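Residue strings, one per chain:
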Amino acid sequence: MDRDEPASWRTKRIPRIWVAFGMLVIAVPIVLFLVSMKGCACIPMPGDAAPAVRTGPDSIHIVMKPDGSKHHNQVPVLTLFVNDREVTNQSAIAASRLPLVITPPEGLAFRDGAEVTLQGTAVAGNESLPVNIVIVATYPDTGQVWVIGDQRI
């Protein structure tokens, strides 16, 4: 080094052990934070599903398959839609004036194996004109609303 330079320009050597210790002090909390997030900064999606299957030219069958690993203090509320019109239960169908019957009339329950059948010309679709079935679950415990079924059949 040139001795004419001011003292502030001189480079000081930092021991390697200090550098390693400094990296640990910074890295360990960051790694612990990331591990606590379980690798995702997003809201976890429910594993609930309600697949729909065509059982005839004018009938569709839906079976509820809740995620068994989750516990809900309040039972989630399900809302069914056919081509963007609510068909949750027989009274909703009557209000929408769709030519459709739901069995059982109270609609789809949120329990394993619960099922409903939609029957009528409102669900009489084919390959060129499919019917869009959407099932939305509202979770009162968290206030979240998720689409757990969305099929064009």
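1. A short note on the overall build of the protein chain
Broken down by element type, the protein chain carries 2 helices and 8 strands. When the helices and strands of the protein chain are listed from N to C terminus, the series reads α-β-β-β-β-α-β-β-β-β. Among the 153 residues that make up the protein chain, the fraction classed as buried is 27%. Accessible surface, the protein chain: about 10700 Å² in total, of which carbon and sulfur atoms supply 61%.

2. Comments concerning the side chain of D48
By secondary structure assignment, the location of D48 is in the loop between helix 1 (16-36) and strand 1 (52-56). Here D48 is buried and forms no salt bridge, its nearest opposite-charge partner K70 lying at an N-O distance of 8.6 Å. A polar contact of 2.5 Å, which involves the side chain of D48, links it to the backbone nitrogen of D67. For D48, the contacting residues outside a window of four places in its chain are M64, K65, P66, D67, H72, F110, Y139 and I148.

3. Remarks on the environment of G113
Within the element layout of this structure, G113 appears in the loop between strand 5 (101-103) and strand 6 (115-119). Sequence spacing of G113 and K65 is 48 residues, and the spatial spacing of their C-alpha atoms is 6.2 Å. Setting aside its immediate chain neighbours within four residues, G113 contacts V63 and M64.

4. Digging into the packing of aromatic side chains
In total, this model carries 1 aromatic pair according to the counting rule given. Ring centres 6.4 Å apart and planes at 85 degrees place the aromatic pair F110 and Y139 in the edge-to-face group. Remark: Y139 occurs in strand 7 (residues 132-139) and F110 occurs in the loop between strand 5 and strand 6; sequence separation between them is 29 residues. The residues F110 and Y139 share a single accessibility class, namely buried.

5. What to know about a nonpolar patch on the surface
A surface patch of nonpolar side chains, amounting to about 650 Å² of accessible area, comprises F21, V25, I26, I30, F33 and L34. Inspection of the secondary structure assignment puts I30 in helix 1. Given the relative accessible area of 48%, I30 is considered partly exposed.

6. Quick word on the sheet that holds strand 6
With antiparallel pairing, 4 strands are arranged side by side in an open sheet as 1-2-6-5. In the strand order of this sheet, the two ends are held by strand 1 and strand 5, each with one partner. Pairs of neighbouring strands in the sheet enclose a mean axial angle of 25 degrees, with direction left out of account. As judged from the 3 bridges shared by strand 5 and strand 6, these two strands associate in the antiparallel manner. Opposite I102, over in strand 6, you have L118 as the bridge partner.

Conventions used here
Residues numbered from 1 in each chain as written. Predicted model: local features only at pLDDT ≥ 70, side-chain atom pairs only at ≥ 80, totals over all residues. Heavy atoms only, no water. Helix = DSSP H or I, 4+ residues; strand = E, 2+ residues; numbered from the N terminus. Buried < 20%, exposed > 50% of the residue type's maximum accessible area, 1.4 Å probe, protein only. Areas by Shrake-Rupley, 256 points an atom, 1.4 Å probe, with all protein chains shown as cover. Lys, Arg positive; Asp, Glu negative; His and termini not counted. Salt bridge = Lys/Arg side-chain N within 4 Å of Asp/Glu carboxyl O. Polar contact = N/O pair within 3.5 Å; in protein donor to acceptor, adjacent residues only side chain to side chain. Contact = heavy atoms within 4.5 Å. Phe/Tyr/Trp six-rings, centres within 6.5 Å; stacked < 30°, edge-to-face > 60°. Patch = residues over 30% accessible without salt bridge, like charges linked within 9 Å, V, L, I, M, F, W, Y side chains within 5 Å. Pairing = 2+ DSSP bridges. Axes fitted to C-alpha atoms, helices over the stretch in contact; angles between N-to-C directions.

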